[in-house]
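# Residue-level structure breakdown
The primary structure of each chain is shown beneath.
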Amino acid sequence: MTVRPQPGRPAASRSSRPVVLGQNQYGKAENRVVKITRDGATHHIKDLNVSVALSGDMEEVHYSGSNASVLPTDTTKNTVFAFAKEHGIESAEQFGVHLARHFVTSQEPIHRARIRIEEYSWERIPASDANSRFIGADEVKHSFVRQGQETRLAQITYDGERWEIVSGLKDLVVMNSTNSEFWGYVKDKYTTLPEAYDRILATQVAARWRFNWTDDEQRMPQWETSYRQVKKHMLEAFAETYSLSLQQTLYQMGARIINHRAEIDEVRFSLPNKHHFLVDLEPFGLKNDNEVYFAADRPYGLIEATVLRDGCEPRIPEDLTNL
């Protein structure tokens, strides 16, 4: 008969250990949940990638292997799917709030929950009137095409008292084909870049913004409206700024958001400069009048900065890959 060893503390006390446990967390990452809401013949889709990270009184499982305080990661996965049914998915942020509150309030050893969500957007496929009548489907409201503009992001953190909600997006590719210059920069013996007085400005926006909603006594933001408006102001600032540098454009994008959205105190951008270089067509006897470009994918300039409401402290990490 096989006898399993019982978890227990080693003979040496924790204080005598040469090493101690530092920050730790656990959970189930990248739970892919798709929620279909059927409003009669009209369907609506929410497509999320949800990652759960829990922390609290977890020293014993690391030191001795005792799982007495451990909620299985499989249970956290099941909770994500069950909550999609029980609470629905009104928005990525609201869904994350439901999950974070549940894990912290239902499990005594868990003191902090962090929910990270990516949302993938879909739009309805319109059907031609002629074809829909021909096939007998007068109103096609259940066919969708995946939108390719950007991935929406949200991180919801709760410690039982205070909330921190950071939303954002990534992979939003934008371009201005003119109204951009770059000149007057520092030059040394290694500088070969010619000054540009009419250039393409393109970038792939990664952005995060932090809400000033921190406790349940405050009025909760309208998450869906806020996301749409933030994206709107971001794009308007990009389009309307006559740019002398990508840094200038970045600041205008952040300032436009802060000035128009009272619920947001901080915006962090990471903007790779997607360089477009004029192609030399003179060897072919052709003049290139700002018409033909080579799109270089690497190396690229990487411009990053935080824009804050005056008097607020930065909380979004400088490295967005850690968020």
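For the structure itself, look to the data block above.
These numbers were taken from a predicted model, which means no experiment stands behind them. (Residues numbered from 1 in each chain as written. Predicted model: local features only at pLDDT ≥ 70, side-chain atom pairs only at ≥ 80, totals over all residues. Heavy atoms only, no water.)

## Things to note about a nonpolar patch on the surface
Stated precisely, the cut-off is as follows: Exposure above 30% relative accessible area and no salt bridge define the residues that can form patches, which grow by joining like charges within 9 Å and nonpolar side chains of Val, Leu, Ile, Met, Phe, Trp and Tyr within 5 Å. Residue-level accessible areas treat just the shown protein chains as cover; the underlying method is Shrake-Rupley with a 1.4 Å probe. Any carboxyl oxygen of Asp or Glu within 4 Å of a side-chain nitrogen of Lys or Arg constitutes a salt bridge here. Under the scheme used here, helices are H or I runs from DSSP no shorter than 4 residues and strands are E runs no shorter than 2 residues, and both carry numbers assigned from the N terminus.
Nonpolar side chains collect at one region of the surface, where Trp183, Tyr197, Tyr242 and Leu244 lie side by side and expose about 440 Å² of accessible area between them. Inspection of the secondary structure assignment puts Tyr242 in the loop between α5 (223-240) and α6 (246-260).

## Observations regarding the pairing of strand β9 (residues 264-273)
Residues in a regular strand point their side chains to alternate faces of the sheet. Put simply, the test is: Here's how the labels work: a residue is buried when its accessible area is under 20% of the maximum for its type, exposed when over 50%, partly exposed in between, all with a 1.4 Å probe on protein chains only. Only strands joined by at least two bridges in the DSSP assignment are considered to pair.
In terms of residue burial, β9 counts as a mostly covered element, since ten of its ten residues are buried. In this structure, strand β8 (residues 201-211) lies alongside β9, joined through seven bridges in antiparallel fashion. When the sheet's bridge partners are listed, Ala207 is paired in β9 with Phe269.

## Focus: the packing of α5 against α6
Stated formally: Axis definition: a line fit to C-alpha positions, over the contact stretch in the case of helices; interaxial angles, taken between N-to-C directions, run 0 to 180 degrees. For this classification, under 35 degrees means roughly parallel, over 145 means roughly antiparallel, 65 to 115 means roughly perpendicular, and everything else is oblique. Should the near helix be turned anticlockwise from the far one by less than a right angle, the crossing is termed left-handed; should it be turned clockwise, right-handed. Whether two residues are in contact is decided by their heavy atoms, any of which lying within 4.5 Å being enough. Three classes are used, and their members are as follows: Ala, Val, Leu, Ile, Met, Phe, Trp, Tyr, Cys and Pro are nonpolar, Asp, Glu, Lys and Arg are charged, and the others, Gly among them, are polar.
For the pair α5 and α6, the least separation of the axes is 8 Å and the interaxial angle reads 140 degrees. It follows from the interaxial angle that α5 and α6 lie oblique. Crossing angle aside, the handedness with which α5 passes α6 is right-handed. Between α5 and α6, the residues in contact are Val230, His233, Met234, Glu236, Ala237, Phe238 and Glu240 and Thr249, Gln252, Met253, Arg256, Ile257 and His260, respectively. Considering only residue class, the contact of α5 with α6 consists of six nonpolar, four polar and three charged.

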